[in-house]
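# Observations on the model geometry
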Amino acid sequence: QVQLEQSGAEVKKPGASVKVSCRASGNSFGIYDINWIRQGAGQGLEWMGWMNPASGHTVYAEKFQGRVTITRSPSLSTAYMELSSLRSEDTAVYYCAGSDSSSYYEPWGQGTLVTVS
Amino acid sequence: IVMTQSPDSLAVSLGERATITCKSSQSVLHSSNSKNHLAWYQQKSGRPPKLLIYWASTRQSGVPDRFSGSGSGTDFTLTISSLQAEDVAVYYCQQYYNSPSTFGQGTKLEIK
């Protein structure tokens, strides 16, 4: 069973960038597309972007265009999400989640808390 | 596509039925596969969401059969037939008909 393991919590200053990693267990990298979804404190779920690990092709939500970059390292079975020009409103838990093309999300990483303060 | 759930919160007695509805601003029934591109998730405090239902009514492997999904087009329902204590959570619907995928605002389910 594929598992996604994310990097640890981060604290950043306004204006800085953060890079969160998402590693797929075993030899499962590439089985799923990787999505990044965030959740503010007490808030709902917001899709940020998607990557096909095989091709590296990405699609970003319009809201985050120009601020978010999703990349991958196949040799490390890891996907990355970098968010720049951080502001307090970006304080949230960031999840990676697998999907079969543009589909429902399963599995999910455990989440990474990013605090901008 | 805007997803709207109701109610925002719900309190149900143990063993009773819980019903959550989700309405999409446009149909999520795709003509290419005749499937509704609608999923339901359960999120417990401090945990990532867990997939319960996809294609509007297909239960994910390992999900208890007290959870069921129904509906088509723009109107969908998640039903828990007999509420258990471990079902306390926030429930979300999600459309994956088009990009960007969007979620409902969530429904908080508690024990009465």
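Summary of the structure given here. Bear in mind the structure is a predicted one, so any value in this text is a computation, not a measurement.

### Remarks on the interface of chain B and chain A
Across the contact, 17 residues belong to chain B and 16 residues belong to chain A. Summed over the three residues of chain B that lose the most area to chain A, namely Pro48(B), Pro49(B) and Phe103(B), the buried surface amounts to 33% of that side. Inspection of the region where chain B meets chain A yields zero salt bridges. Put simply, chain B and chain A have six residue pairs in polar contact (both at pLDDT 80 or more) between them. Going through the elements one at a time, strand 6 (38-43), strand 7 (50-54) and strand 11 (89-95) of chain B are the ones with two or more residues in the side of chain B that touches chain A. With three residues, strand 6 of chain B is the largest single contributor of residues to the side of chain B that touches chain A. Among the residues making up the side of chain B that touches chain A, the classes are represented as eleven nonpolar, five polar and one charged.

### Description of the pairing of strand 13 (residues 107-111) of chain B
Residues and elements named next belong to chain B. For strand 2 (residues 9-12) and strand 13, the ladder comprises four bridges, and the chain directions are parallel. Bridge pairing links Ser9 to Lys108 in strand 13. Pairing analysis gives three bridges linking strand 11 to strand 13, with the strands arranged antiparallel. Within strand 13, the residue paired with Val90 across the bridge is Lys108.

### Focus on empty space enclosed by the protein
Tallied over the entire structure, the rule returns one cavity of 30 Å³ or more. What the largest cavity holds in volume is close to 40 Å³. A class-by-class count of the residues in the lining of the largest cavity yields eight nonpolar, two polar and no charged.

### Remarks on the sheet that holds strand 3 (residues 18-24) of chain B
Residue and element names in this part refer to chain B. Here four strands make up an open sheet; going across it, the order is 1-3-10-9 and the pairing antiparallel. The two strands at the open ends of the sheet, each matched to only one other strand, are strand 1 (3-6) and strand 9 (67-72). Along the sheet, successive strands turn relative to each other by an average axial angle of 20°, direction set aside. Strand direction decides the pairing type here: strand 9 and strand 10 (residues 75-80), joined by six bridges, are antiparallel. Within strand 10, the residue paired with Phe67 across the bridge is Ile80.

### Quick notes on the environment of Tyr60(A)
Residues and elements named next belong to chain A. The topology assignment puts Tyr60 in strand 6 (residues 58-60). In sequence terms Tyr60 and Trp50 are ten residues apart; their C-alpha atoms lie 6.4 Å from each other. Here Ile70 takes part through its backbone nitrogen, which lies 2.8 Å from a polar atom of the side chain of Tyr60.

### Considering the pattern of salt bridges
Applying the stated rule across the entire model yields ten salt bridges over all chains. A salt bridge links Glu46(A) to Lys63(A); the shortest N-O distance between them is 2.7 Å. With Glu46(A) in strand 5 (residues 45-51) and Lys63(A) in the loop between strand 6 and strand 7 (68-73), the pair connects residues that are 17 residues apart, well separated along the chain. Judged by its relative accessible area of 25%, Glu46(A) falls in the partly exposed class. Relative accessible area serves as the criterion here: at 55%, Lys63(A) is assigned to the exposed category. Ionic pairing is found between Asp87(B) and Arg66(B), a salt bridge with its closest N-O pair at 2.7 Å. With a gap of 21 residues between them, Asp87(B) in the loop between strand 10 and strand 11 and Arg66(B) in the loop between strand 8 (58-59) and strand 9 connect regions that are remote in the sequence. The exposure class assigned to Asp87(B) is buried, which follows from its relative accessible area of 1%. Taken together, the salt bridges that share partners define one network made up of Arg38(A), Glu46(A), Lys63(A), Arg67(A) and Asp90(A).

Here is what the cut-offs are and how they apply
Residues numbered from 1 in each chain as written. Chains lettered and ligands numbered in written order. Predicted model: local features only at pLDDT ≥ 70, side-chain atom pairs only at ≥ 80, totals over all residues. Heavy atoms only, no water. Contact = heavy atoms within 4.5 Å. Buried area = accessible area lost by both parts, 1.4 Å probe. Salt bridge = Lys/Arg side-chain N within 4 Å of Asp/Glu carboxyl O. Polar contact = N/O pair within 3.5 Å; in protein donor to acceptor, adjacent residues only side chain to side chain. Helix = DSSP H or I, 4+ residues; strand = E, 2+ residues; numbered from the N terminus. Nonpolar A, V, L, I, M, F, W, Y, C, P; charged D, E, K, R; others polar. Pairing = 2+ DSSP bridges. 1 Å grid on protein atoms, 1.4 Å probe; cavity = no way out; pocket = protein on both sides within 12 Å on 5 of 7 lines; lining within 4 Å. Points joined across faces, edges and corners; volume = space filled by probe spheres on them. Axes fitted to C-alpha atoms, helices over the stretch in contact; angles between N-to-C directions. Buried < 20%, exposed > 50% of the residue type's maximum accessible area, 1.4 Å probe, protein only.

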